[in-house]
Amino acid sequence: MPVTSQLLRALPRSKVLASSLLPCQQHQSQFGPVAHLPASRQSSHMWQRRQPSRSYQTSSVLHSYILTPPQVNSILKANEYSFKVPEFDGKNVSSVMGFESNQLPANAPIEDRRSAATCLQTRGMLLGVFDGHAGCACAQGLSERLFYYIAVSLLPHDTLCELEAAVEAGRALSPILQWHKHPNDYFSREAQRLYFNSLRTYWQELIDLTSPGDVPDTREALLNAFKRLDNDISLEAQVGDPNAFLHYWVLRVAFSGATACVAHIDGPDLFIANAGDARAVLGVQEEDGSFSAHTLSNDHNAQNESEVARIRSEHPPSERKTVIRQERLLGLLMPFRAFGDVKFKWSIELQKRVLESGPDQLHENEHTKFIPPNYHTPPYLTAEPEITYHKLRPQDRFLVIGSDGLWETLHRQEVIRIVGEYLTGVHQHQPLKVGGYRVTLGQMQGLLEERKARASSAFEDQNAATHLMRHAVGNNEFGTVDHERLSKMLSLPEELARMYRDDITIIITQFNPHVIGSNDKSTSLKI
């Protein structure tokens, strides 16, 4: 099948049917998919694209050209990051050996965010993927704040009191988190004081609600952190700020939205807290050396029958036909759980009052002024996470957390196979599948030679997330990376890239089977 036809097989849909807010303050050159390409060479090849949202077809000229392998690598590796857990006396005593992550933008600027940190006051590691929509402001806020809320929720009463006493006395605070960040994973400095004040109010309330000797429950900590941060995002937008920039920023965070998928790993205990349609999948190595996928999260969208039933049960029978339309919440929003998105949570009166007192930039944005249709009994949206617990076993080798841009392009079992083969160097060759295509013996020989070459060059990537991303963007119908397809997908102009794929964010965490007890029985349950 020609590369052109492959590109047109399935075009991703926007998460929210509304114009985006103004872009986040971020240098697009850090994330732009064609940032590394000379401008004079972005227009030497043409093909047609399909208009995905209309009943008729139209075409326009799309310009691209074939990138060289070094140019492809430069784009794919621009945002890769890796972290190895330090060893003590030559031994890794952690259940986590390390992690590798990467991001590839489709939006300009990218709306996904990622975070990783080690808890210093308690034990464990936090890893999360945040998929923004209607702008990147909400995802940016989550990437900076959610782990602090989780870490504080996990602190015992006495440690919370020590924190508050240090603030009262003007002493330096003991660090709560050790961040593991790529240079592009920035913090918005202007909002740090506001964020700290909200976090401090939260731990003050936890002090009042707990007693000395209380041991925080991880499930409750994750649940409370998600819900409290979303509540603070809403409250900050309602109260506003005397600083004009901060006033505008908190409104942008609240009126945009983001899904979140977070892992907390402490020894053999793995918790997944998910709100939205990012996904966490465990890579399990079977006795024959092959890998199988074990999904640890559920997508909160129209394909999840229990989510559809939950939303319909929370609203009157008269709204049964309107609360979910065209597989979207109120006909607009694809994820059924998300942070921010106050347009699906606040009353119409509150929305109007906040906007009327807001800065002029918001008045000029059609998205913020738009009221969803059939909006009668808010809130329609929640950030309450679904929490899954899994006790790690020696055969549980790695965890993949990815935004929906990954899972739209690759099946979960294919994701786990690609990562498993990369990490072990053992390629489980399956019978070559050609589907319904007519393939000559010569073409079959070419495919087999290509697979052999792919196996020998599989380690051109030094990062597992980059290797997986290469497959997600460049795989052809035979499951092999097609350089021409990969090149064209990466050379799409910014204004067209989102029509062919979504932002992709991946975190791959590798476990230490020697630390995880071999006699532990597996436990996996949704809480």
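Quick caveat: nothing in here was measured; it's all calculated off a predicted structure.

## Comments concerning the sheet that holds strand 4 (residues 96-104)
Step number 1: Taken in spatial order, the six strands line up as 3-4-17-16-10-11 in an open sheet, and their pairing is antiparallel. Across the chains shown, the open sheet's two edge strands, defined by having one partner strand only, are strand 3 (81-84) and strand 11 (291-295). Looking at each pair of strands side by side, their axes are set apart by 20 degrees on average, direction ignored.
Step number 2: Note: strand 10 (residues 279-285) against strand 11, five bridges, orientation antiparallel. Paired with L282 across the bridge in strand 11 is H294.

## Let's talk about the environment of V93
Step number 1: Following the sequence through the fold, V93 ends up in the loop between strand 3 and strand 4.
Step number 2: Sequence separation between V93 and G267 is 174 residues; the distance between their C-alpha atoms is 9.3 Å.

## Looking at the confidence of the model for the protein
Step number 1: Residue-level pLDDT values for the protein average 84, and 77% of them are 70 or greater.
Step number 2: Low pLDDT (under 50) marks residues 18-23, which in the prediction has 21 contacts with non-local residues, meaning those over four places away or in another chain.

## So, helix 16 (residues 464-474)
Step number 1: Buried residues dominate helix 16, accounting for 11 of its 11 residues.
Step number 2: At the N-terminal end of helix 16, a side-chain oxygen is found 2.8 Å from the backbone nitrogen of A465, two or three residues along, and the residue is N463.

## Quick notes on the packing of helix 4 (residues 137-153) against helix 6 (residues 192-209)
Step number 1: Contact pair helix 4 / helix 6: the axes reach a minimum separation of 10 Å and the direction vectors enclose 20 degrees. The orientation of helix 4 relative to helix 6 falls into the category roughly parallel. Both helix 4 and helix 6 take part in a crossing whose hand is right-handed. Taking contact as the criterion, the partners of G141, E144, R145, Y148, Y149, V152 and S153 in helix 4 are, on helix 6, Q192, Y195, S198, L199, Y202, W203 and L206.

## Considerations on the pairing of strand 5 (residues 112-119)
Step number 1: Across the eight residues that make up strand 5, a large majority, eight, are buried.
Step number 2: Burial along strand 5 is two-sided: the face carrying D112, R114, A116 and T118 and the face carrying R113, S115, A117 and C119 are both buried.
Step number 3: As paired strands, strand 5 and strand 6 (residues 125-133) are joined by seven bridges and run antiparallel to one another. Residue A116 lies in a different strand from strand 6, and its bridge partner there is L127.
Step number 4: What sits between strand 5 and strand 6 in their antiparallel hairpin is a turn of five residues, with G124 showing a positive phi close to 110 degrees.
Step number 5: In the sheet, strand 5 pairs with strand 7 (residues 177-179) via three bridges, with the strands oriented antiparallel. Residue pairing in the sheet places T118 in a bridge with Q178 of strand 7.

## With respect to the pattern of salt bridges
Step number 1: In this structure the tally under the stated criterion is 19 salt bridges.
Step number 2: The salt bridge partner of E307 is R310, with a shortest N-O separation of 2.9 Å. Of this pair, E307 and R310 are both found in helix 9 (residues 305-313), three residues apart, which corresponds to roughly one turn of the helix. For the pair E307 and R310, a shared accessibility class is recorded, and that class is buried.
Step number 3: Through salt bridges that share partners, E307, R310, E314 and R337 make up one connected network.

## Quick word on the pairing of strand 16 (residues 396-402)
Step number 1: The buried fraction of strand 16 amounts to six of the seven residues, a majority that puts the element mostly inside the structure.
Step number 2: As defined by bridge partners, strand 10 adjoins strand 16 across six bridges and the pair is classed as antiparallel. What sits directly across from R279, in strand 16, is G402.
Step number 3: Inspection of the sheet shows strand 16 paired to strand 17 (residues 504-511) by five bridges, in the antiparallel sense. Pairing of I401 across the sheet is with I507, part of strand 17.

Here is what the cut-offs are and how they apply
Residues numbered from 1 in each chain as written. Predicted model: local features only at pLDDT ≥ 70, side-chain atom pairs only at ≥ 80, totals over all residues. Heavy atoms only, no water. Pairing = 2+ DSSP bridges. Helix = DSSP H or I, 4+ residues; strand = E, 2+ residues; numbered from the N terminus. Axes fitted to C-alpha atoms, helices over the stretch in contact; angles between N-to-C directions. pLDDT = per-residue confidence, 0-100. Contact = heavy atoms within 4.5 Å. Buried < 20%, exposed > 50% of the residue type's maximum accessible area, 1.4 Å probe, protein only. Polar contact = N/O pair within 3.5 Å; in protein donor to acceptor, adjacent residues only side chain to side chain. Parallel < 35°, antiparallel > 145°, perpendicular 65-115°, else oblique. Left-handed = near helix turned anticlockwise from the far one by under 90°. Salt bridge = Lys/Arg side-chain N within 4 Å of Asp/Glu carboxyl O.

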